[in-house]
Amino acid sequence: MPIRVLTKEESEKTSEEEFRTLTPAERLVAFLELSRRINRHFPSKITFEE
């Protein structure tokens, strides 16, 4: 597995290009997965139960 060293700008450009190739459904799934990972590391104390 090759290792690539990128500047921050190159990394952001690559990530943006990869994101643009996704379909809208794939973008939604990626967003939900990112949200789930963030919530796992930084859980909210707010509950939405009544």
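Residue positions are counted from 1 within each chain, in the order its sequence is given. Local features are withheld for residues below a pLDDT of 70 in this predicted model, meaning they are given only at 70 or higher, and side-chain atom pairs are given and counted only at 80 or more; totals for whole chains, interfaces and linings count all residues. Side-chain metrics in this entry use all non-hydrogen atoms of the structure; hydrogen atoms and water are not considered.

**What about the overall build of the chain?**
Think of it this way: any DSSP run of H or I at least four residues long counts as a helix, any run of E at least two long counts as a strand, and we number them from the N terminus. Of the regular secondary structure elements, the chain holds two helices and zero strands. Over its C-alpha atoms the chain spans a radius of gyration of 16 Å, topping by over 25% the 10 Å that the globule rule assigns to 50 residues. Across its three principal directions, the C-alpha atoms of the chain cover 50 × 25 × 20 Å. The buried share among the 50 residues of the chain stands at 0%. In the form shown here, the chain has an accessible surface area of approximately 5,500 Å², with 60% of it arising from carbon and sulfur atoms. Asp and Glu count as negative and Lys and Arg as positive, but His and the ends of the chain are not part of the count. By convention, the charge on Lys lies at NZ, on Arg at CZ, on Asp at CG and on Glu at CD. Charged side chains in the chain number 9 positive and 10 negative. The centres of these two groups are separated by 2 Å. Radius of gyration: over C-alpha atoms. The globule rule applied is 2.2 Å multiplied by the number of residues raised to the 0.38 power. When a residue's accessible area, from a 1.4 Å probe over protein chains only, is under 20% of the maximum for its type it is buried; when over 50% it is exposed; and in between it is partly exposed. Surface accessibility in these figures is a Shrake-Rupley result with a 1.4 Å probe; residues are shielded only by whichever protein chains are displayed.

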